[in-house]
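An overview of the molecular structure
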Amino acid sequence: MMDSLSLLNVLLYGERVGTLINLGHDRTLFSFNESYIENSNRAVLGLRFQDSFGELITEYRPTRTRLMPYFSNLLPEGHLRDYLSQRAGVNSEREFFLLWVLGLDLPGAVSTVSYMKDEQAALRFSKSKRFDEFSIDELKHLSAKARLPEKVVLDSAKETVELFQEHWQKEKSNLPIYPEVVEVIDKHIGKVPIVKG
């Protein structure tokens with residue numbers, strides 16, 4: 001019955017912008033909706049979907065078992081993935097169906113600062129691993145290194161920060177997390193240069 005599921009909608013700010021299609025035999029294809037492609041003022045789903053000139057990439061190859069990296073990275077890993085897969089009765093390797101089960105509550109998208117021992121990330125952003133050095137200059141360096149349009153990178157970062165701030169302030173008291181965790185996150189936000197502007 002699960003194998004008969006054939007389509008997952010991809011929503012951005014409540015608008016359907018694309019679909020993930022199950023082609024059978026664990027092959028999945030992503031495609032954007034025509035209305036999203038034709039909208040010159042479209043919101044950015046992710047920089048991975050743009051070429052070096054900032055233009056939308058509209059053709060993708062099917063993937064097998066795993067989803068394309070953007071969607072795959074939203075899913076949980078390790079013990080959490082195994083636990084949720086078992087609870088849902090889904091093979092943890094079949095990412096299309098795992099995304100179907102977890103689509104409204106994606107653990108892989110849940111920003112881990114409250115568990116860090118210091119200000120360093122596990123990986124280097126561009127020149128630095130330190131969150132308190134994650135500045136506009138760092139983003140400019142990253143965009144040049146990745147050969148991405150600087151304006152697209154900076155605009156996307158600004159939009160992301162603004163949306164995070166808006167939703168965090170509105171929802172942090174409603175989230176099922178300890179007050180100490182909220183305090184750590186608030187303190188961390190105040191140290192990140194791109195948040196300050």
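See the structure shown above.
Procedures and definitions
Residues numbered from 1 in each chain as written. Predicted model: local features only at pLDDT ≥ 70, side-chain atom pairs only at ≥ 80, totals over all residues. Heavy atoms only, no water. Core = buried A, V, L, I, M, F, W, Y, C linked by side-chain atoms within 4.5 Å. Buried < 20%, exposed > 50% of the residue type's maximum accessible area, 1.4 Å probe, protein only. Helix = DSSP H or I, 4+ residues; strand = E, 2+ residues; numbered from the N terminus. Contact = heavy atoms within 4.5 Å. Phe/Tyr/Trp six-rings, centres within 6.5 Å; stacked < 30°, edge-to-face > 60°. Lys NZ or Arg CZ within 6 Å of the ring centre and 35° of its normal. Salt bridge = Lys/Arg side-chain N within 4 Å of Asp/Glu carboxyl O. Axes fitted to C-alpha atoms, helices over the stretch in contact; angles between N-to-C directions. Parallel < 35°, antiparallel > 145°, perpendicular 65-115°, else oblique. Nonpolar A, V, L, I, M, F, W, Y, C, P; charged D, E, K, R; others polar. Pairing = 2+ DSSP bridges.

So, on to the nonpolar core. Across soluble globular proteins, nonpolar side chains show a tendency to be buried alongside one another. In this structure, Leu20, Phe30, Phe32, Leu45, Phe49 and Phe71 are the most contacted members of the largest nonpolar core, which totals 22 residues. Listed by contribution, the elements that provide at least two residues to this core are β1 (7-12), β2 (15-24), β3 (27-32) and α4 (95-102). In terms of residue count, α4 provides more of this core than any other element does, five residues in total. Residues contacting Phe49, with those up to four places away along its chain left out, are Phe30, Phe32, Glu55, Leu56, Ile57, Tyr60, Met68, Tyr70 and Phe71.

Tallying each qualifying case throughout the model produces 13 aromatic pairs. Ring geometry for Phe30 against Phe49: centres 5.4 Å apart, planes inclined by 45°, an arrangement best described as tilted. A residue pair is termed long-range when its members are at least 10 positions apart, and Phe30 in strand β3 and Phe49 in the loop between α1 (34-38) and β4 (63-64) qualify at 19 residues. Cluster of aromatic residues (ring-pair linked, three or more members): Phe30, Phe32, Tyr36, Phe49, Tyr60, Tyr70 and Phe71. One Lys or Arg, Arg42, reaches over the ring of Tyr36 and ends 5.7 Å from the middle of that ring.

Taken as a whole and judged by the stated rule, the model has eight salt bridges. Here Arg81 and Glu77 are joined by a salt bridge, their closest N and O atoms 3.5 Å apart. With a relative accessible area of 48%, Glu77 lands in the partly exposed category. In this structure, the salt-bridge partner of Asp132 is Arg130, at a minimum N-O distance of 2.8 Å. For Arg130, a relative accessible area of 29% translates into the label partly exposed.

For the pair helix α3 (residues 78-88) and α4, interaxial distance at closest approach is 11 Å and the crossing angle is 80°. Taken together, the axis directions place α3 and α4 in an arrangement best described as roughly perpendicular. For the pair α3 and α4, the contacting residues are Arg81, Leu84, Ser85 and Ala88 in the first and Glu95, Leu98, Val101 and Leu102 in the second. Taken together, the residues that form the contact of α3 with α4 break down as five nonpolar, one polar and two charged.

To continue, consider the side chain of Lys172. With respect to the element layout, Lys172 can be found in the loop between α6 (150-171) and α7 (179-189). Residues contacting Lys172, with those up to four places away along its chain left out, are His167, Val182 and Asp186.

Our focus in this paragraph is α4. α4 sits mainly inside the fold: six of its eight residues count as buried. Every buried residue of α4 is listed here: Glu95, Phe96, Phe97, Leu98, Leu99 and Leu102. On its buried face, α4 is in contact with β1, β2, β3, α2 (69-72) and α3.

Moving on, we come to the sheet that holds β3. Two modes of strand pairing occur in sheets, parallel and antiparallel, and in both the strands are linked by backbone hydrogen bonds. Read from one edge to the other, the open sheet built from four strands follows the order β1-β2-β3-β4, with strand pairing classed as antiparallel. Here the strands that pair on one side only, and so sit at the sheet edges, are β1 and β4. In terms of strand pairing, β2 meets β3 through six bridges, oriented antiparallel. Along β3, the bridge assignment pairs Asn22 with Thr28. In the packing of α4 onto the sheet, the strands contacted are β1, β2 and β3, and the crossing angle to β2 comes to about 140°.

Glycine aside, residues mostly have negative phi, and peptide bonds are mostly found in the trans state. Positive phi outside glycine occurs at His25, with the angle close to 55°. With phi around 60°, Asp26 is a residue other than glycine that occupies positive phi space. Inspection of the secondary structure assignment puts Asp26 in the loop between β2 and β3. On the basis of relative accessibility, which here comes to 23%, the residue Asp26 falls in the partly exposed class.

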